[in-house]
Every structure is written in C-alpha cells, then in structure tokens.
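The lines below spell out each chain.
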Amino acid sequence: MRLLAVGCCLIALAACQRERRDLRPSPTSLAVFGSAGRESELQPGGAQPDLNVTNPYQGSAAAIAEGQRLFSWYNCAGCHANGGGAIGPPLIKEEWTYGGEPANLFDTIVKGRPNGMPSWGGRIPEYQIWQIVAFVRSLNNKEPKSATPARNDTIQQDPGALLPKSGGGVTK
Amino acid sequence: MKRAVLGSLAASTAFAQQSALDAAGPNAYRIKLLGAVFLVLLGLIFLIVIALALIPLARRHRGIEQEPLEQRNQPSQLTERKLAGSVGAATVITVLILFGLVIISVVAGKTVSGPSNRANALVIEITGNQWWWAVRYANDDASRIAVTANELHIPVGRPVMIRGTSNDVIHSFWVPSLQGKRDLIPSHVTTDWIQADRPGRFRGQCAEFCGLQHAHMALWVVAEPAEQFEAWLTHQLQAAIPPSEPVKQRGQQVFLNSGCVLCHAIQGTTAAGQVGPDLTHFASRLTIAAGTLANNKGNLAGWIADPQNIKAGTHMATIPVKSEDVQPLLEYMETLQ
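## As for the overall build of chain A
Scanning chain A from terminus to terminus reveals 5 helices and 0 strands. Listing the helices and strands of chain A from first to last along the sequence gives α-α-α-α-α. The burial tally for chain A puts 31% of its 172 residues in the buried class. The long-range fraction of contacts in chain A, counting pairs at least 24 apart against all pairs at least 6 apart in sequence, stands at 64%. When the accessible surface of chain A is totalled, it reaches about 11,300 Å², and 57% of it is carbon and sulfur.

Shown next, in the form of structure tokens:
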C-alpha cells in the first residue's frame, strides 16, 4: 500500500515540467527601439540626447516642394489640414508629442502613432518620407529661410505665434 | 518579304501620325482649309511683291542724270498723280485683304469652337496633370462612367465634347488631326469639340509648356466604329478580373502591399489611389507613361524600376520591388486587360 502511494507520488512528480529560464536573450530580440517611439515625455535617464540621424534633404527647396505635394497626395491634409490641425493634431507647434526632430518625424510617419496616425511604413519609400519631413518642418520655420517659400500657399507660420505647448489638436 | 517590310513601315508611320495636314475631322478640315487659304493668298502676294521688286532691277538703267533726286527737280504732275494712284490702290487692296483674312479667321474660329449638331454628343472629361492625362467618360448614370488615362476612344462620325481642366498648371489639349489647341486651366472648365470622320489612331500632345516632362505628355485618340467603341466602353466599365494563377495572385499581392496603391486605383481591388492614372484596364492601352513608351512587359519593368531614368522629374515614385517580385508583378499587370 505504502509502496503504491510512493509510486503514485513519483509518477505525479515526473509529470511536472519545470519552466526553462533563458538567461541569455536570443540575438534577434536584442534590438533597442529608438526613443522616437515614446508616448510620454517622462523617461529614465533625463532628457534624451540629440539624435544623430539627419534628413538628407535638409535645406533643399525642391524637396520641400515635393514634400508639400506628397502631403496633399497622400492625404496627410485629410487629418492635419494644412498644418493647422483638424481631427489630427496641428503640425505648427513648438513642442511635438512625439518629438519634432527629423528622425522623430520620420519615425512617426513610418510607425504611426496611437489614436489615429496610420503607419506608412512599407508604403511610402524612404526618400519621400524625408521630403515630407522637410516640408512639415518648414511649416515650423525649422528649415532654412533660403529653402522655404517667402509666401506659402496655405498657412504661413509666424515665429511669434507658435501654439503653446499644450494647445490644439485632439491628441496632446 | 519586301512588301511586308514596307507594309510594317507604312503601318508604323501611320501609327506615329501627328499632323494638322492629316485632317480627320470636320474642325480639323476647316483649320486646314484656313491654313491653305492663308498659304496660297499670302504666297501669291509674296511672289507679286518680289516680282515687283525685281522688275526695276531687270529693266535697263536709264541713268541717274535723267531723274535726279534733288529737291528742285520735282516730278511732273502726271507722275505725281500716277504715284498717288498706285499707292492708294495698293493700300486699299492691302486693307481689304487683311480685313478679309481677319473675317475668315474669326468665322473659322467660331465654327470650330462648336459642332454642327450637338445632339447625341459624347462628353469626355479630360484633366491635365504633370505629365499625363486623366480621362473620364461622363454619364448621367454613375454606373456608366468609365475612367482611363492617356488614351481616348471615340466613335467615328459622332461629335465629342471635351470638357477640360487641370490639376496643377496650364496644359493644352491638342490632337492636330482632329482639332486645334484648347488650354486646360486649373479650377476652370474649357470645352472643345472633336469628331473623327474615319477610323484611325491620332496622336495628341500637350501644347502648353507645363514643366520638365512637357515633351513626354502625349495621348492617343483611337477612333473606331460605333459598335467597337461601345464594346470598348462597356469593357472599361468592368472591374479588373481577379487573377487565377498563383504567380499572378502573388503579383497582385505585391501591388496591393506596396506604395503603388497610394496613387493608383484598380477597380475591384483595395487599390484606390486617385492621384495617378487609373490602372484597371492598364494592359489594354497602347502606351505607358503618357505616350512615352510602347506598352509591353520590358518597358513596364524599366518604368517601374527607374521612372526617373525614362521621364526625369516624373511624379511616379521609385518604389523598390524585390527582384523575386518583379516578374509576378509584371505578369499581374498584364492581366489588367
């Protein structure tokens, strides 16, 4: 009888499988996603350092004009209007929810953002994304004056009239 | 063999025809006639003027001392009267001829701006774009509206009203064999009337400088008998047939999962871009890139791979396609009959 009980316990014990712990992560999961994807301004380690990625079209008037065309062709204006914001946040803004550096804007366009910004990755080729980035930044006077039109077709940005940090748009 | 070569040569020149002298419609005939009247009349006047200038040179010189140019030697009264008479007559004739030419020009211009009979007219909307033509067959019945690009099909003998506008800059619609030029202006609709009196393919060309690729902004007008035209139009109204072969299905997947869909539409699929040419019946067209290349697989491959090489400045995006996806994509595009 006792022998039977011990035997049952041993059999039950053998049925338990201990979870294996992978102490070393697999190389494919080592990627650290860039800070551009943040949804919060709070982050460990203080303010993020400057990004090294630069827009190859920085300061190019032709690229800004192309970006403006693509902004309307790919219907960015459908949500952001001509930069003033509609159902999407305004693009004329001093502080950007997901960062206003070229690399941040690139990430935002490629990855999309919560509450409606679609992910355009896999659709728009990289060079066109940089052109759109150049145009969007030109709306905020972040592109050199020599490259931006003196008189815009749509909204003209006045440096003194940047929206306050928390103003405008549905998503902060 | 020789006959075949000559035949194909003749066919190819017929295909490449773009000439106001090769008039194929009533309005083009009027323009050609007006041109002929101007040419003959003004040519005649030119010959007369040259002849009058040459005659004194050919005549024997009478010597300068017989008719000196000094003021005190006034010409006789008879000579004065003869001179005044000829100058007066020449002025009257010139003014009459000029007025006559103005009148026939205005009359011809008025006539070609409208059709002889407006009833039963076909209405086609043409929108100029940098650098291609969007074509839409208007109809009160929305299910009968056909959309295509860079190629018009029209029935022989039926007046066609062109309602033109532009999406960007001023273009000009010009099919020399059928009609004069008509500007396509942004935010404004201009109308024009064309009619083909015989079947054929007529080349058209943007006639207003519109940017980098103005020279590569051509279109073809295919005039065909009414039944053939109706069959074509009915076919253009159909959605694209979904491919059945796996390789073509793969090609469709490549198209629908890439940037192509941002600009191009294929009815019957999720591709619904509106800023580039509609590709629903792409394979049925004669050319690609607005008359730049003949429509065949090799040219299409080159066009997709590097559009800027073929048409520098074109708004066709350079979309990277993986090498193993190129062939399926091309085969799928060929199914869009």
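Further notes follow.
## A closer look at the domain arrangement of chain B
All names here are of chain B. For chain B, the assigned domains read domain 1 (26-112), domain 2 (122-236) and domain 3 (246-335). Each of domain 1 and domain 2 has a C-alpha centre, and these two points are 43 Å apart. Taken together, the 6 residues of domain 1 in the interface contact 8 residues of domain 2. When domain 1 packs against domain 2, close to 490 Å² is buried across both sides, 49% of that on carbon and sulfur atoms. Our enumeration of links across domain 1 and domain 2 arrives at 2 residue pairs in polar contact (both at pLDDT 80 or more). A total of 5 residues in the side of domain 1 that touches domain 2 trace back to one element, the largest contributor, which is helix α2 (residues 26-58). Of the residues belonging to the side of domain 1 that touches domain 2, the class tally is 5 nonpolar, 1 polar and no charged.

## A look at the nonpolar core
Soluble globular proteins tend to bury their nonpolar side chains together. In terms of nonpolar packing, the biggest core is built from 29 residues, with I124, Y137, L152, I154, F173 and L178 of chain B touching the most fellow members. If you list the elements that add at least two residues to this core, you get β1 (122-129), β2 (132-137), β4 (151-155), β5 (160-166), β9 (200-206), β10 (218-224) and α4 (226-237) of chain B. With near-sequence residues (within four places) excluded, F173 of chain B lies in contact with I126, W133, L152, I162, G180, K181, R182, L184, D192, I194, Q205 and L219 of chain B. Residues C76, L105, W130 and V133 of chain A belong to the second largest nonpolar core, which totals 24 residues.

## Points about the interface of chain B and chain A
The interface of chain B with chain A comprises 13 residues on the first partner and 11 residues on the second. The contact between chain B and chain A buries some 960 Å² in all, and 63% of this surface belongs to carbon and sulfur atoms. When the buried area of chain B at its contact with chain A is split by residue, L262, V275 and H315 of chain B rank highest and sum to 53% of it. On inspection of chain B and its partner chain A, the count reaches 3 residue pairs in polar contact (both at pLDDT 80 or more). In terms of residues, the side of chain B that touches chain A owes the most to one element, helix α6 (residues 260-263) of chain B, which gives 3 residues. Partitioning the side of chain B that touches chain A into residue classes produces 8 nonpolar, 5 polar and no charged.

## Structural notes on the packing of helix α4 (residues 102-111) of chain A against helix α5 (residues 126-139) of chain A
All names here are of chain A. Two numbers describe how α4 lies on α5: the axes approach to 9 Å, and their chain directions differ by 120°. Put simply, α4 runs oblique to α5. The hand of the α4/α5 crossing is right-handed. Residues P102, A103, L105, F106, I109 and V110 of α4 form the contact with α5, whose participating residues are E126, I129, W130, I132, V133, V136 and R137. For the contact of α4 with α5, the residue count by class is 11 nonpolar, no polar and 2 charged.

## Here we look at the pattern of salt bridges
Counted by the stated rule, this structure contains 10 salt bridges over all chains. With its nearest N and O atoms 2.7 Å apart, the salt bridge here joins R69 of chain A to E66 of chain A. Of this pair, R69 of chain A and E66 of chain A are both found in helix α2 (residues 61-73), 3 residues apart, which corresponds to roughly one turn of the helix. With relative accessibility at 15%, the residue R69 of chain A sits in the buried group. Judged by relative accessible area, E66 of chain A falls into the partly exposed class, the value being 24%. Here K248 of chain B and E245 of chain B are joined by a salt bridge, their closest N and O atoms 3.2 Å apart. A single network of salt bridges, built from pairs that share partners, joins R144, R158 and E230 of chain B.

Calculation criteria
Residues numbered from 1 in each chain as written. Chains lettered and ligands numbered in written order. Predicted model: local features only at pLDDT ≥ 70, side-chain atom pairs only at ≥ 80, totals over all residues. Heavy atoms only, no water. Helix = DSSP H or I, 4+ residues; strand = E, 2+ residues; numbered from the N terminus. Buried < 20%, exposed > 50% of the residue type's maximum accessible area, 1.4 Å probe, protein only. Contact = heavy atoms within 4.5 Å. Areas by Shrake-Rupley, 256 points an atom, 1.4 Å probe, with all protein chains shown as cover. Domains from an automatic or database assignment. Buried area = accessible area lost by both parts, 1.4 Å probe. Polar contact = N/O pair within 3.5 Å; in protein donor to acceptor, adjacent residues only side chain to side chain. Nonpolar A, V, L, I, M, F, W, Y, C, P; charged D, E, K, R; others polar. Core = buried A, V, L, I, M, F, W, Y, C linked by side-chain atoms within 4.5 Å. Axes fitted to C-alpha atoms, helices over the stretch in contact; angles between N-to-C directions. Parallel < 35°, antiparallel > 145°, perpendicular 65-115°, else oblique. Left-handed = near helix turned anticlockwise from the far one by under 90°. Salt bridge = Lys/Arg side-chain N within 4 Å of Asp/Glu carboxyl O.

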